[in-house]
Amino acid sequence: MSSLAISLLDLEADAGVCFEAEDYQKRPGKWCAGCGDFGALNAVKRLLAKEQLQPDRMVFVSGIGCSSRFPHYVNAYGFHGIHGRALPLASGIKLARPELDVFVVTGDGDCVSIGAGHWIHAIRYNMNMVVMLLDNNIYGLTKNQTSPTTPLGYSSMTSPHGAQLPALDPLQATLGVSNASFVAQTADWVPAHLYATLEAAYDHPGFSFIRILQRCPKFTPDIFEQAVKDPARTELLVHEDGVDPPGLEKLYEARREHDPKDIDEARSLARRDDMIRLGVFFRDDSLPVYEEVRAVPKVTPQEKINRLNKEFERYAV
Ligand code: SF4
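From a predicted model like this one, the values you see are computed outputs, not experimental measurements.

Visitor: Before we move on, could you go through the packing of aromatic side chains and cite the residues and values that matter?
Guide: In this structure the tally under the stated criterion is 10 aromatic pairs. For the pair Trp-31 and Tyr-73, a centre-to-centre distance of 4.9 Å together with 85° between the ring planes defines the contact as edge-to-face. Here Tyr-73 lies in the loop between strand S1 (58–62) and strand S2 (77–80) and Trp-31 lies in the segment before helix H1 (37–51), a separation of 42 residues in the sequence. Comparing Trp-31 with Tyr-73 shows no difference in burial state: the two are buried. Aromatic side chains Phe-103 and Tyr-202 sit 6.1 Å apart centroid to centroid with 5° between the ring planes, which places their arrangement in the stacked category.

Have a look at this one:
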């Protein structure tokens with residue numbers, strides 16, 4: 001059975017109320033100590049406060065997994081959906097209520113595995129929403145099973161002798177889909193970068209896909225350990241059309257000017273595995289947004305009934 005949770009709002013949604021970041025926290029997050037999901041939640045709350053988003057004008061949609069508990073912790077409408085189906089749910093919400101801000105929270109065991117078909121087509125539809133893929137390289141909620149992004153050779157409960165397939169790279173996959181319009185990568189342990197990336201994604205008109213490298217101290221404690229300890233292993237992609245948060249220059253000295261309009265360079269950078277790269281790989285703000293351009297015939301309710309009756313009559317026996 002799916003679990004459906006429509007949050008009741010605690011906050012006054014009247015215009016004029018000034019929201020602080022903590023006003024958007026519905027209840028404390030139930031994740032393990034040190035889990036990277038906390039950093040994502042903090043960045044989201046900061047963004048909501050900066051934009052002063054009304055809790056009754058936004059929806060957080062998720063699938064199943066540790067990170068998919070997100071909607072329970074944000075003061076907004078929430079839909080904790082079924083495994084892999086966050087994106088079709090979010091697309092339906094956006095089609096029915098295009099004026100709402102829609103945020104999708106999904107994980108590698110959710111979006112990149114059972115939800116992969118929906119993921120590919122959601123990119124192609126380019127509907128206006130922010131999609132956060134919290135990628136910890138493992139199934140955490142179901143206790144340590146190999147996911148599509150688990151590195152080759154990494155052992156888990158289901159692959160005790162190590163993962164036998166090369167990891168699926170969500171950046172490369174997204175950049176390969178027709179109509180991709182915003183693709184970025186950030187990391188939970190670089191909060192300034194995470195926040196700046198979320199800001200840019202929210203400003204982008206279209207499907208904003210952010211892969212957030214997420215620490216899971218419970219099951220994959222070593223995967224990002226070296227990157228966290230040694231900033232020289234990370235390169236920041238910077239550009240005036242991308243993100244370049246102040247204050248990171250001293251810690252992250254490896255910086256590369258990358259024009260996010262250059263899809264070929266974006267794909268080439270995503271393919272390289274010599275360093276972790278954080279930044280906006282690609283964006284094109286000019287691509288058509290599905291909910292704005294789709295042709296919807298204007299018909300009255302009575303005309304709809306007449307059409308339906310006509311169809312029924314065709315098949316009457
Ligand atoms: Fe976070 Fe991993 Fe714990 Fe899940 S199992 S809450 S991803 S640390």
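Alright, that's what it looks like, and here's the rest.
Visitor: Go over the nonpolar core, please, and point to the residues and values.
Guide: Counting residues in hydrophobic clusters, the biggest one holds 36 residues, and the most contacted among them are Leu-48, Met-58, Phe-60, Phe-70, Phe-103, Val-130 and Met-132. What Met-58 contacts, discounting residues up to four positions off in sequence, is Tyr-24, Leu-48, Leu-53, Asn-75, Ala-76, Tyr-77, Leu-100, Asp-101 and Phe-103. Judged by nonpolar contacts, the second largest core, of 31 residues, contains Cys-111, Val-112, Met-129 and Phe-207.

Visitor: Could you give an account of the side chain of Asn-136, naming the residues involved and the relevant values?
Guide: Relative to the assigned elements, Asn-136 resides in the loop between strand S4 (129–135) and strand S5 (138–139). In this structure Asn-136 comes out as buried when scored by relative accessible area, which is 6%. With residues near it in sequence (within four places) discarded, Asn-136 still touches Asp-108, Gln-214, Cys-216 and Thr-220.

Visitor: Pulling in residues and values, what's your account of the site of the ligand?
Guide: All residues in the neighbourhood of the ligand are listed as Trp-31, Cys-32, Cys-35, Cys-66, Asn-136, Gln-214, Cys-216, Pro-217, Lys-218 and Phe-219. If you map the ligand onto the pockets, it falls in the second largest pocket. Here the residues of the shell around the ligand sort into seven nonpolar, two polar and one charged.

Visitor: Provide a residue-level description of the pattern of salt bridges, including the pertinent values.
Guide: Scanning the model with the defined rule gives 18 salt bridges in all. With its nearest N and O atoms 3.3 Å apart, the salt bridge here joins Glu-225 to Lys-229. One end of the pair, Glu-225, and the other, Lys-229, are both in helix H7 (residues 225–229), four residues apart, so they sit about a helical turn from each other. Take Lys-229: its relative accessible area is 59%, and that puts it in the exposed class. Through salt bridges with shared partners, a single ionic network connects Glu-235, Arg-256, Arg-272, Asp-274 and Arg-277.

Cut-offs used in this document
- Residues numbered from 1 in each chain as written.
- Predicted model: local features only at pLDDT ≥ 70, side-chain atom pairs only at ≥ 80, totals over all residues.
- Heavy atoms only, no water.
- Phe/Tyr/Trp six-rings, centres within 6.5 Å; stacked < 30°, edge-to-face > 60°.
- Helix = DSSP H or I, 4+ residues; strand = E, 2+ residues; numbered from the N terminus.
- Buried < 20%, exposed > 50% of the residue type's maximum accessible area, 1.4 Å probe, protein only.
- Core = buried A, V, L, I, M, F, W, Y, C linked by side-chain atoms within 4.5 Å.
- Contact = heavy atoms within 4.5 Å.
- Near = heavy atom within 4 Å.
- 1 Å grid on protein atoms, 1.4 Å probe; cavity = no way out; pocket = protein on both sides within 12 Å on 5 of 7 lines; lining within 4 Å.
- Sits in = over half its atoms within 2 Å of the grid points.
- Nonpolar A, V, L, I, M, F, W, Y, C, P; charged D, E, K, R; others polar.
- Salt bridge = Lys/Arg side-chain N within 4 Å of Asp/Glu carboxyl O.

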